[in-house]
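Observations on the three-dimensional arrangement
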Amino acid sequence: GSLIEKIITSDETFEFDETTTLDIQILKKPQKIKGGSMKGVDVLELKDKSYDFKMKHKKVYKRCITIIKNTDDLCCARAIVVGHFRNTHTKEEYEKSYIRRSQYELQKIEAEKLHKEAGVPLGKCGFEEIKMFEEYLGVQIYVSTGDNCEEHFIYPKINEKGFEPYPMERRIYLQLDYDVDSEGNWINQHFNLINKYQLSAFFSQKAYCLECNTPCR
């Protein structure tokens, strides 16, 4: 095999005789998916991507997620400060900033600062802590698991009477990633940031109504 490889790459000729045997393997060329989508691809094999997350307890390839990669318990605050920075800066400033990249210290510093100024102890966060962040920043934070359920957000309860959505520039959307144990309990909860300008893509719908906060077919 190695002899033939050398000949093929050197423009030399090779004569076959009755003692020559060849092993031929046909490789199927991967099919290019129209539109560049990656549906059906097992993204467990796609390491270090900034847009893969769990939906229905499986990895799904998404470009509308900013993954928060951290080794501390500040994923919620990290995602919020990134989203708040996006709300208060231009797209160009956001794309140039190190705050959206978890490997840089700036994101952690701003997350710790948010905890301190909002009066939230450092550590894992739930809805009570998110409410405190909302009150301090003057924003409205939405949390979704990405599951296809009747209520697209598990926080806040947008269908409750009296709920008033904030203007889009004061909203932050978080995606709650999680695993499920043998008893069906949520474990290893982790927050990422949803690109609020791609909510229709996040919910795999054609459009998203900003007034009623509902994806549309």
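Residues numbered from 1 in each chain as written. Predicted model: local features only at pLDDT ≥ 70, side-chain atom pairs only at ≥ 80, totals over all residues. Heavy atoms only, no water.

**Some thoughts on the nonpolar core**
If you look at the biggest cluster of nonpolar residues, it comprises 28 residues, and the most contacted ones within it are Cys-76, Ile-80, Phe-133, Ile-141, Val-143, Leu-174 and Phe-191. Those elements giving two or more residues to this core turn out to be helix H2 (75-88), helix H4 (105-118), helix H5 (127-137), strand E4 (140-144), strand E5 (171-180) and strand E6 (186-194). At eight residues, the largest contribution of residues to this core is made by H2. Not counting residues within four places of it along the chain, the set of residues in contact with Phe-191 comprises Ile-68, Cys-75, Cys-76, Ala-79, Cys-125, Ile-130, Val-143, Leu-174, Gln-175 and Leu-176. Grouped together as the second largest cluster of nonpolar side chains are 13 residues, Phe-153, Leu-199, Phe-203 and Tyr-208 included. (Core = buried A, V, L, I, M, F, W, Y, C linked by side-chain atoms within 4.5 Å. Buried < 20%, exposed > 50% of the residue type's maximum accessible area, 1.4 Å probe, protein only. Helix = DSSP H or I, 4+ residues; strand = E, 2+ residues; numbered from the N terminus. Contact = heavy atoms within 4.5 Å.)

**Thoughts on the packing of H2 against H5**
The geometry of H2 relative to H5 is characterised by a closest axis approach of 11 Å and an angle of 25° between their N-to-C directions. Here H2 is positioned roughly parallel relative to H5, judged by the angle of their axes. H5 is crossed by H2, and the crossing has right-handed handedness. Here Cys-76, Ala-77, Ile-80 and His-84 of H2 lie close against H5, whose contacting residues are Ile-130, Phe-133 and Leu-137. Among the residues forming the contact of H2 with H5, the class breakdown is six nonpolar, one polar and no charged. (Axes fitted to C-alpha atoms, helices over the stretch in contact; angles between N-to-C directions. Parallel < 35°, antiparallel > 145°, perpendicular 65-115°, else oblique. Left-handed = near helix turned anticlockwise from the far one by under 90°. Nonpolar A, V, L, I, M, F, W, Y, C, P; charged D, E, K, R; others polar.)

**A look at the packing of aromatic side chains**
Each aromatic ring pair is summarised here by two numbers: the centre-to-centre distance and the angle between the ring planes. Using the criterion set out here, one finds eight aromatic pairs in the structure. Here Tyr-142 and Tyr-173 contribute two aromatic rings whose centre-to-centre distance is 4.7 Å and whose plane-to-plane angle is 15°, an arrangement assigned as stacked. With Tyr-142 in strand E4 and Tyr-173 in strand E5, this pair connects stretches of sequence that are 31 residues apart. Of the two residues, Tyr-142 and Tyr-173, both sit in the buried class. Seen from their ring centres, Phe-153 and Tyr-173 are 5.7 Å apart, and the 45° between their planes marks the pair as tilted. (Phe/Tyr/Trp six-rings, centres within 6.5 Å; stacked < 30°, edge-to-face > 60°.)

**What about H2?**
Between the first and last C-alpha of H2 there are 20 Å, a value that for 14 residues agrees with the 20 Å anticipated at 1.5 Å per step. Judged by how many residues are buried, H2 sits mostly within the fold: 11 of 14 residues are covered. Among the residues of H2, Cys-75, Cys-76, Ala-77, Arg-78, Ala-79, Ile-80, Val-81, Val-82, Gly-83, Phe-85 and Asn-87 are the ones counted as buried. For H2, the secondary structure elements touched by its buried residues are helix H3 (91-96), H4, H5, E4, E5 and E6. (Expected span 1.5 Å × (residues − 1).)

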